[in-house]
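So you can see what is in the structure, the chains are spelled out below.
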Amino acid sequence: MLVLGIETSCDETGIALYDSELGLRGEALYSQIKLHAEYGGVVPELASRDHIRKTLPLIREVMNQAGCKGSDINGVAYTAGPGLAGALLVGGAIGRSLGMAWDVPVIGVHHMEGHLLAPLLEDKKPRFPFIALLVSGGHTQLVTVEGIGSYKVIGESVDDAAGEAFDKVAKMLGLPYPGGPHVAKLAEKGTPGRFTFPRPMTNRPGLDFSFSGLKTYVLNTVMEHTSEGMLNEQTAADIAHAFQEAVVATMVIKCRRALEHTQMQTLVIAGGVSANTRLREELGKMAEQAHGQLYYPELKYCTDNGAMIAFAGCLRLMAGQQDDLGIYARPRWDLESLPPITMSV
Ligand code: KG4
Ligand code: ZN
């Protein structure tokens, strides 16, 4: 089955063609970072308009890459949520229309299920059941995954998402949006031990996260060390380092706890923050100590992309699921509400 995937939930237009027999046949990604840079974050209306400009040309490009015509495509998957309403509607309207024109089934995919299943695109894939740590710009969740669509959220952030915290700390340090990769790069030059920031919510039981106190702690430290509007470059690097270590240490503690509580041995990380090298290193060590294994997607499938949507949609379409003729945009959408499917991957 050949499925066209369309991702337009935020500031990336991602298109891909996934073939259930042959794997990925083509993909393209357009990032709107430059468009939003001067505002320091995503402007929803600008995002929607840019998706309108880019989606169809990218679909054409990907179909050319794969050397296929509309009549070769057996299904369409688009991100139906969660995300920005206007941006989602663009992908939904285009996906639904192409489905009608080509007379093929269409399915609205949950963006976080896309992230969660992205590690299954790799040759070395995790086997069910596993614990997934989903860490993106909008979500921080620990999920037990018994199979596709059998998800239970066992912990989540009570305030900011991890990626959001990275982005806000980047702003405090004068770094561009999206801040995660910039904070990580600056942190490499940081002096270990100069600052130690709190590991939020780790000294009480439970699997929830909170990053807003840590963010305030960073802000106070930045202000304390700013004189005449300037923050010394080395101090900025030391702060970035301490912040990243605090986030990583917090996640290691929660993931270890989740594995212990559930008696599972496989940990999967996905979403933009799973691109973080320190997070991968430390979770890898923890998993090894727990006689378990860590899995993550290749870097380009950590952040938003069309491949994960084409793949998740293909699995659901092959299981016989499809939408009615509606165009669906669900800015908020509970991951646990998805229907399970039974099939081997
Ligand atoms: O999954 P994603 O592309 O979009 C959402 O679904 O939100 O995640 C984007 C988030 C941003 O907050 C970005 O700063 C963060 O992932 N991010 C990182 C890194 N690369 C991206 N955070 C920490 N370290 C990184 N290397
Ligand atoms: Zn995402």
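Above this note sits the structure.
Along each chain, numbering runs from 1 in the same order as the chain's sequence is written. For naming, the first written chain is A and the first written ligand is 1, with later ones following in the order written. Given that this is a predicted model, residues contribute local features only at a pLDDT of at least 70 and side-chain atom pairs are listed and counted only at 80 or more, while totals for whole chains, interfaces and linings are drawn from all residues. Side-chain measures were taken over the full set of non-hydrogen atoms in the model, leaving aside hydrogen atoms and water.

If you check helix α10 (residues 307-318), its first and last C-alpha atoms are 16 Å apart, about what 12 residues at 1.5 Å a residue would give, namely 16 Å. Burial here depends on accessible area, computed with a 1.4 Å probe over protein chains only, as a share of the maximum for the residue type. Under 20% is buried, over 50% is exposed, and the range in between is partly exposed. Strands are runs of DSSP state E lasting at least two residues, helices are runs of H or I lasting at least four, and both sets are numbered from the N terminus onward. For α10, the tally of buried residues reaches 11 of 12 residues, placing the bulk of the element in the interior. Looking only at α10, the buried set comprises Ala 307, Met 308, Ile 309, Ala 310, Phe 311, Ala 312, Gly 313, Cys 314, Leu 315, Arg 316 and Leu 317. Every residue pair with non-hydrogen atoms within 4.5 Å of one another is taken to be in contact. Buried residues along α10 sit against β1 (2-7), β2 (12-19), β3 (23-31), β4 (75-81), β5 (106-110) and α4 (111-117). Just past α10, the residue Gly 320 takes up positive phi, approximately 95 degrees. One less than the number of residues in a helix, times 1.5 Å, gives the span that helix is expected to have.

Here the coordinating atoms are restricted to nitrogen, oxygen and sulfur within 2.8 Å of the metal centre, or 3.2 Å for Na, K and Ca, and because water is not among them the sites may look incomplete. Note on the zinc ion (ligand 2): its protein donors are His 111 (NE2), His 115 (NE2) and Asp 304 (OD). The metal-donor distances range over 2.0 Å. When the donors of the zinc ion (ligand 2) are listed by position in the chain, the intervening gaps give H-x3-H-x188-D. One end of the pair, His 115, is in helix α4; the other, Asp 304, is in the loop between β12 (293-295) and α10, and 189 residues separate them in sequence. Asp 304 shares its class with His 115; the two are buried.

Right, let's talk about unusual backbone geometry for a bit. Here the amide bond leading from Phe 128 into Pro 129 is cis, since omega sits at -5 degrees, within 30 degrees of zero. Relative to the assigned elements, Pro 129 resides in the loop between α4 and β6 (130-135). In this model, Tyr 177 is joined to Pro 178 through a cis peptide bond whose omega is -10 degrees. Relative to the helices and strands, Pro 178 is located in the loop between α5 (162-172) and α6 (180-187). At Gln 263, a residue that is not glycine, the phi angle is positive and equals roughly 60 degrees. Examined against the element boundaries, Gln 263 turns out to sit in the loop between α8 (233-262) and β11 (266-270). Of note, the phi angle at His 291 is positive, near 55 degrees, even though the residue is not glycine. Tracing the backbone shows His 291 in the loop between α9 (277-289) and β12.

What follows covers the sheet that holds β12. The 5 strands lie next to each other as β8-β7-β6-β11-β12, forming an open sheet whose pairing is mixed. A single partner strand is all that each edge strand has here, and the edge strands are β8 (150-156) and β12. Neighbour-to-neighbour, the strand axes of the sheet open up by a mean angle of 25 degrees, direction not taken into account. As judged from the 6 bridges shared by strand β7 (residues 140-147) and β8, these two strands associate in the antiparallel manner. Pairing of Thr 144 across the sheet is with Lys 152, part of β8. An axis is simply a line fitted to the C-alpha atoms; with a helix, the fit covers only the stretch in contact. Between two such axes, the angle follows the N-to-C directions and lies from 0 to 180 degrees. Sheet strands touched by α8: β6, β7, β8 and β11. Its angle to β6, the strand with the most contacts, is close to 155 degrees. Paired strands, in this sense, are two strands between which DSSP finds at least two bridges.

Patch members must show over 30% relative accessible area and no salt bridge, and they are joined within 9 Å when carrying like charges or within 5 Å when they are nonpolar side chains of Val, Leu, Ile, Met, Phe, Trp or Tyr. To be clear on the numbers: accessible area is Shrake-Rupley with a 1.4 Å probe, and residue cover counts the displayed protein chains and nothing else. In what follows, salt bridge is the name for a side-chain nitrogen of Lys or Arg lying within 4 Å of a carboxyl oxygen of Asp or Glu. We treat Lys and Arg as the positive residues and Asp and Glu as the negative residues; His and chain ends play no part in the count. In plain terms, the charge of a residue is placed at NZ if it is Lys, CZ if Arg, CG if Asp and CD if Glu. A cluster of acidic residues, Glu 156, Asp 208, Asp 334 and Glu 336, forms a negative patch at the surface. Mapped onto the fold, Glu 156 is located in strand β8.

Looking now at the side chain of Gln 141. When you line up the elements, Gln 141 lands in strand β7. In this structure Gln 141 comes out as buried when scored by relative accessible area, which is 8%. Two N or O atoms form a polar contact when they lie within 3.5 Å of each other; inside protein one atom must be a possible hydrogen donor and the other a possible acceptor, and for residues adjacent in sequence the pair counts only when both atoms belong to side chains. A polar contact is formed between the side chain of Gln 141 and the side chain of Glu 156, at a distance of 3.2 Å. If sequence neighbours within four positions are ignored, Gln 141 has contacts with Ala 132, Leu 133, Leu 134, Val 153, Gly 155, Glu 156 and Leu 335.

Among the 8 residues in β2, 8 count as buried, and that is most of the element. Burial of the side chains of β2 extends over both faces: Glu 12, Gly 14, Ala 16 and Tyr 18 are buried on one face and Thr 13, Ile 15, Leu 17 and Asp 19 on the other. Bridging between β1 and β2 involves 6 bridges; their strand directions are antiparallel. When the bridges of β2 are listed, Glu 7 appears paired with Gly 14. Linking two consecutive strands that pair antiparallel, namely β1 and β2, is a turn of 4 residues. Pairing between β2 and β3: 8 bridges, direction antiparallel. Its bridge partner being in β3, Ala 16 is matched across the sheet by Glu 27. Hairpin connection, β2 to β3: the antiparallel pair is bridged by 3 residues.

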